[in-house]
Amino acid sequence: MTETLQQQGIAFAEAVPMSSKTTFRIGGPAELMLYPNSVEQLQACMKLCHEANVKPFMLGRGSNLLVKDTGLDGVVISTEKMQGIEYLGDNKIYVEAGVSLSAMCNFALKQGLTGSEFAFGIPGALGGSTYMNAGAYDGEMSDILLEVLQISASGELAWLPVADCGFGYRKSIFMQTGAVVAVARLLLQPGDPVKIKAQMNDIMLRRRDKQPLEFPNAGSAFKRPPGHFAGGLIQQCNLKGRSVGGAQISEKHAGFIINTGGATAADVRALIALVQETVQNETGVFLEPEIKFV
C-alpha cells in the first residue's frame, strides 16, 4: 500500500504515537497513518483500504477518544490536512472534515453569520463532530448542517441532505453505514458580528470556568441519561476527585475524566467502570460512555 500512496502523492507515516494525536494524550502507536489533503485523496485512501480488505480508523482532532495502550493495528486515516473552508453565498459555508469547530465558528463570524456559536470551543473537527452529532449549550451540529458529502467504505461519493443523515442525540447514520464524512455544507443566518463575538466569548468563558481545560481530557465522559445530568449523579455519589492511576474524575466538573499525568487507557477504563458501577448501585441509573474506545 505504501508504494501506491507514494505514487499518488498521499502523505503517510508509520508507528505514529496516538498519544500525540488525541486530546487525552493517551494511546499507543498507530501502525500506519495516512494524511489525505483533499476530498480526492480521502476517496483514494478509502478505495485503497477497500481493495486491501482493510477497515481504516478515521481520526480528526482526537477528541472524545480513548486509544488502547497497545495502539492501533492497520490503517488510521487522519483528516488533519483537510482544511478547506469557503463561503458559498446565501448564508452557506463549505467545510472540510479536518477543520476545527473553533476555526469554523471564527470563519462564520467573519461572514457575519450566526448559528454556530454553540460549537465554539468544542475540541473537535467537522468530520468527527458531524459523525457523532456533537453539541453543547442547547445546540448541535444537525441544527446547522444543510448536507453532508459522504464517502462509502468502497470509495463512492454521495451528498446526503440533513434529513437523510439519521441524526439524534450523539448519533448519525454514518455510525451504522461506516461511511466517512468528507465535507459539510452549513446553512446559517445573518447576524450582528458584535453580538456573535460576544456570545462566542461568553461560551468560552463558561467553558473555562466550568470545565477542566487545563488538563488533557476527551470531553464529557458520559452521555446525558434521560432526566439527569451525568456530572450531577457522579458528584452525588461522592466520586468527584476519585482517581485510578493518572486518571481522575475532575474536581472542577464531575462529568469529565482528566489525565493528571501519565494516565494509561487502562486507568481510564478502570475509572469509568468504577463510576458506572457506583452510580448504578446508588441511583439505579446506568451511565453510557460518550468517549469512544478503540
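Our subject is the structure listed above.
So, here's what we can say about the structure. (Residues numbered from 1 in each chain as written. Predicted model: local features only at pLDDT ≥ 70, side-chain atom pairs only at ≥ 80, totals over all residues. Heavy atoms only, no water.)

**Here we look at the packing of aromatic side chains**
At step 1: Tallied over the full model, the rule gives zero aromatic pairs.
At step 2: Here the guanidinium or amino end of K81 rests over the ring plane of Y35, the centre of that ring lying 5.8 Å away.
At step 3: When the ring centre of F293 is taken as reference, the NZ or CZ atom of R269 above it lies at 4.0 Å. (Phe/Tyr/Trp six-rings, centres within 6.5 Å; stacked < 30°, edge-to-face > 60°. Lys NZ or Arg CZ within 6 Å of the ring centre and 35° of its normal.)

**Digging into unusual backbone geometry**
At step 1: Even without a glycine there, the phi angle at N133 is positive, about 50°.
At step 2: Residue placement: N133 occurs in the loop between α4 (126-131) and β9 (135-136).
At step 3: Of the residues examined, N133 reaches a relative accessible area of 0% and is grouped as buried.
At step 4: For R170, which is not glycine, the phi dihedral falls at a positive 55°.
At step 5: Inspection of the secondary structure puts R170 in the loop between β12 (157-161) and α5 (174-177). (Helix = DSSP H or I, 4+ residues; strand = E, 2+ residues; numbered from the N terminus. Buried < 20%, exposed > 50% of the residue type's maximum accessible area, 1.4 Å probe, protein only.)

**A closer look at the nonpolar core**
At step 1: Core analysis: the biggest nonpolar cluster contains 34 residues, and I93, M104, M141, F174 and L186 have the highest contact counts within it.
At step 2: Those elements giving two or more residues to this core turn out to be β7 (92-96), α3 (101-110), β11 (145-151), β13 (180-187) and α6 (193-210).
At step 3: Ranked by the residues each element gives to this core, the list is headed by α3, at six residues.
At step 4: Counting 25 residues, the second largest nonpolar core, distinct from the first, contains I26, L233, I257 and V279. (Core = buried A, V, L, I, M, F, W, Y, C linked by side-chain atoms within 4.5 Å.)

**A closer look at the sheet that holds strand β6 (residues 85-89)**
At step 1: Across the sheet, five strands lie side by side as β6-β7-β13-β11-β12; this open sheet has antiparallel pairing. The two strands at the open ends of the sheet, each matched to only one other strand, are β6 and β12. When the angles between neighbouring strand axes are averaged without regard to direction, this sheet yields 20°.
At step 2: Summarising the sheet, β6 and β7 pair through four bridges and their orientation is antiparallel. Each bridged residue has a counterpart across the sheet, and for E86 the counterpart in β7 is Y94.
At step 3: The sheet contacts of helix α2 (residues 39-51) involve β7, β11, β12 and β13, and relative to β11 the element is tilted by about 45°. (Pairing = 2+ DSSP bridges. Axes fitted to C-alpha atoms, helices over the stretch in contact; angles between N-to-C directions. Contact = heavy atoms within 4.5 Å.)

**Re the pattern of salt bridges**
At step 1: Here the structure, examined in full by the defined rule, presents six salt bridges.
At step 2: E80 is the salt-bridge partner of K21, the closest N and O atoms lying 3.0 Å from each other. With K21 in the loop between β1 (11-17) and β2 (29-35) and E80 in the loop between β5 (72-78) and β6, this pair connects stretches of sequence that are 59 residues apart.
At step 3: We note a salt bridge from D202 to R206, for which the minimum N-O separation is 3.1 Å. A residue pair is termed a helical-turn pair when its members lie 3 or 4 positions apart in one helix, as D202 and R206 do in helix α6 at four residues. (Salt bridge = Lys/Arg side-chain N within 4 Å of Asp/Glu carboxyl O.)

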